[in-house]
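Working through the structure, step by step
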Amino acid sequence: MVDPVLTRWAVLYKPPDAKHWEFVSLVCERFFPTDTLDSILPVIFQEDAVVRHLSCTTPEKFCSTFYLLPERQVDALAPRRQQRDYFENICNASTFEGYCPRLSPHCEFYRVKAKPNNFIVLLELRQSGCSQSRAPHLEVYDQSQHREIIALVAQMRRSPFTEAQLEGLHITQTLNVIDAIYNGRPLPLSGVPTTIYNSAFTNFLRVLKDDDIESTPTELMHAAKFIEGSVQYYQTKATRVRNMATTMDLALGYDILQHHEIPLSSGMIRLDGAVKASVKGLGGPQRPLLCITEAKCEIGEDGCDPMAQAERDYRAFYCSDEAETVRASCCCPCLLIGIASPRIMVSGAVFADTLHVQELSGYRSFVPRPTLSERSAYDECIHEAGRFFRAIKAALDELSTYYASLELLPTVKDYRMSVVSPARARPYIGPQWTQFKMGDKTVTLTYTGRLFPDQQSKAVFTAVASVDGAEATREVIVKLLANHQTPQGTPRPFAPKLWFCEVVESVGKYGVERNMTVDDCAMLHEAVGLLHERGLIVGDLRERTLWLLKGGGVMLVNFDWCGKEGAARYPDDIHKDRTTLWHPNAKVDHLIKKEHDLHLLAVLAERSLNTDNHDSDNGDNGNNGHINNDSDDDNDDDDQAEEAE
């Protein structure tokens, strides 16, 4: 049984026609992890100080907004007058919106439990008209605020070594933990490919896969010396690291096993190895890390996997106050290397919407083993090591160049303190692919967000496209994927116009939601019927794969499973979605059939009917907006929001 946590809520009220917030009370209540934030409202309106101040005990008469204070500079047990002055100054400051992230009232407590004394509730009478100047809450999604909340939580973690211990990973590696590392363990913590954020990871994979690469005699000599030293048994980790460091330094040109101790405001981190990048204007512990290495003498030593420890080293460093400037300027790409005996694993790490780490190689054993090549087992192992080290070096070279040319941007704290103009929007940290050719014109993409911010495995982004020579910009969807099925004959306006579809070598591959309505389902049924007439099936008809337009209507934007009836089959990962009521015959590698599409249409129609009935009972039209298209003219197909893949 999980014990409840004591929380403190500063309650402020703005009377009708007033310009300033008044401190009312500091309310205490115990919360369980799954309690939603709005469950505090009945408690607030039972507080004597609140009842006296508002002359009301009915929460429904008030608009309430919830905020999280990043740093509380007055003690939770300070006198009332001190609390009043502090919170009134905070909430009435012009920088309040940029300083305190707004929270959804439906947010569960476990997502923000790291700061239990830092909650703020602002109340206004409904009949007075709730303020429209307040910042959008986190359901609308502000990436900068979301990343900084992740950083705040991560700063309270124990040492990376302790956090990497096996007994704690099943607790910290869940969707319920905001600073969890999206490394595919477990499967719900799967993120988009790290290759879409930095081409250094793609380069590593390309070199590793290229069988035509011939290592130089020098590379082979260094590889042979590495193998000779790595396959030995050592009594201590220090001895192994010392002997491997020399040969790896020669093979890579980087001292990846140079011990580092980095003093951070959140605590000292000790790394078996690290390579620091050079960035103009940053020194000491602020210098970014382009490589982190953790080593173990043998598999199982110290009760944790070296890669798990390297992942938590990465989190500790890039979530620190010292890394705030780098964090505000880029996705913090970094190569992670785990060494256990003569086995090495390489992963790529980025901090974008969440902390993403993906394996770029499995654990490569450099113990000679039988092969089918014409070389001897030892000779083949030397050539494999030579190529492996070349791939690591290629990635490190590119990351070094990347950081050397990095433009430093204002931090979130700079915006809070009005060091920079509020009119200058914080950039969205998105994919590296930002340009493509459309005819003889160059199209430049400025990413603005995720189409599905709650689905980290979906590489679908919103962006603004600027075309050379054109003043007007267009809102587009950018979808990056391993392969693409374009069903010829999908009629507009049931599918967006496709601007671009091509393999992008550097990538290595290839909003706000509203409920579906009965009218949406009818439109979707018509679109699927037209596809069926052409002998095509869709297969994947779930709300998460549809695009609900702001003014009403729906578009098909996911054709990954689409194909000819009798040929298209369900993918291997269909079993991952246990929430969809699939057709009984919808199974891995089974044929997708028209009746399966019709089954899913019926499921969507039933849900939309229930939603419509619920909304009508509550006097709500259910339209909370979606991604805007770039024109309000519904009769112009070309003015629909576009899709770029």
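What comes next concerns the included structure. Quick caveat, the model's predicted, so the values are computed rather than measured.

**Thoughts on the overall build of the chain**
Helix and strand counts for the chain stand at 16 helices and 23 strands. Every one of the 645 residues in the chain was classed for burial, and the buried ones make up 52%. With the model as given, the accessible surface of the chain reaches about 29600 Å², and the carbon-plus-sulfur share is 50%.

**Considering unusual backbone geometry**
With an omega of -5°, the peptide bond between R185 and P186 qualifies as cis. On the secondary structure map, P186 appears in the loop between β6 (181-182) and α8 (199-209). In the Ramachandran plot, D17 falls in the positive-phi region, its phi being about 70° despite a non-glycine side chain. Within the secondary structure, D17 is located in the loop between β1 (5-13) and β2 (22-31). On the accessibility criterion, D17 (82% relative accessible area) is exposed. Unlike most non-glycine residues, C332 shows phi in positive territory, near 55°.

**A closer look at the packing of helix α9 (residues 217-230) against helix α13 (residues 377-404)**
At a minimum axis separation of 8 Å, α9 and α13 run at an interaxial angle of 110°. Accordingly, the angle class assigned to the pair α9 and α13 is roughly perpendicular. On α13, the residues that touch E219, L220, A223, A224, F226 and I227 of α9 are Y378, C381, I382, H383, A385, G386, F389 and R390. Taken together, the residues of the contact of α9 with α13 break down into 10 nonpolar, two polar and two charged.

**Quick notes on the packing of helix α10 (residues 237-252) against α13**
Two numbers describe how α10 lies on α13: the axes approach to 9 Å, and their chain directions differ by 65°. Taken as axis vectors, α10 and α13 run roughly perpendicular relative to one another. Residues M248, A251 and L252 of α10 form the contact with α13, whose own contacting residues are F389, I392 and K393. Taken together, the residues of the contact of α10 with α13 break down into five nonpolar, no polar and one charged.

**Topic: the packing of aromatic side chains**
Enumeration according to the criterion identifies 23 aromatic pairs in this entry. For the ring pair F388 and F389, a centre distance of 6.4 Å and an interplane angle of 55° mean the geometry is tilted. Accessibility assignment for this pair places F388 and F389 in one class, buried. These aromatic residues form a ring-pair network of at least three members: W9, F31, F66, F109 and F119. Over the aromatic face of F351 sits the side chain of R147, whose NZ or CZ is 4.7 Å from the ring centroid.

**Side note on the side chain of K14**
Mapped onto the elements, K14 comes out in the loop between β1 and β2. E124 provides the closest opposite charge to the buried, salt-bridge-free K14, at an N-O distance of 4.7 Å. Apart from residues no more than four positions distant in its own chain, K14 is found in contact with K19, H20, W21, L123 and E124.

**Quick word on the pairing of strand β7 (residues 260-264)**
The side-chain alternation of β7 yields one buried face, formed by H260, I262 and L264, and one unburied face, formed by E261 and P263. Direction of pairing for β7 relative to strand β8 (residues 267-271): antiparallel, over a ladder of five bridges. In the strand pairing of β8, I262 is matched with I269. Taken together, β7 and the strand that follows it, β8, pair antiparallel across an intervening segment of two residues.

**Concerning the sheet that holds β2**
Ordered by their spatial adjacency, five strands build an open sheet running β2-β1-β5-β3-β4, and the pairing between neighbours is mixed. The open sheet has two edge strands, β2 and β4 (102-103), and neither has a second partner. Of the pairings in the sheet, the one linking strand β3 (residues 62-68) to β4 comprises two bridges and is antiparallel in character. Paired with Y67 across the two strands is R102, which belongs to β4. The sheet contacts of helix α3 (residues 80-92) involve β1, β2 and β5 (119-125), and relative to β2 the element is tilted by about 105°.

**Some details on the pairing of strand β11 (residues 334-340)**
Counting buried positions over the seven residues of β11 gives seven, a clear majority of the element. Where β11 meets strand β12 (residues 343-351), seven bridges bridge the pair, whose relative direction is antiparallel. Across the sheet, I339 pairs through a bridge with I344, a residue of β12.

What counts, and at which threshold
Residues numbered from 1 in each chain as written. Predicted model: local features only at pLDDT ≥ 70, side-chain atom pairs only at ≥ 80, totals over all residues. Heavy atoms only, no water. Helix = DSSP H or I, 4+ residues; strand = E, 2+ residues; numbered from the N terminus. Buried < 20%, exposed > 50% of the residue type's maximum accessible area, 1.4 Å probe, protein only. Areas by Shrake-Rupley, 256 points an atom, 1.4 Å probe, with all protein chains shown as cover. Axes fitted to C-alpha atoms, helices over the stretch in contact; angles between N-to-C directions. Parallel < 35°, antiparallel > 145°, perpendicular 65-115°, else oblique. Contact = heavy atoms within 4.5 Å. Nonpolar A, V, L, I, M, F, W, Y, C, P; charged D, E, K, R; others polar. Phe/Tyr/Trp six-rings, centres within 6.5 Å; stacked < 30°, edge-to-face > 60°. Lys NZ or Arg CZ within 6 Å of the ring centre and 35° of its normal. Lys, Arg positive; Asp, Glu negative; His and termini not counted. Salt bridge = Lys/Arg side-chain N within 4 Å of Asp/Glu carboxyl O. Pairing = 2+ DSSP bridges.

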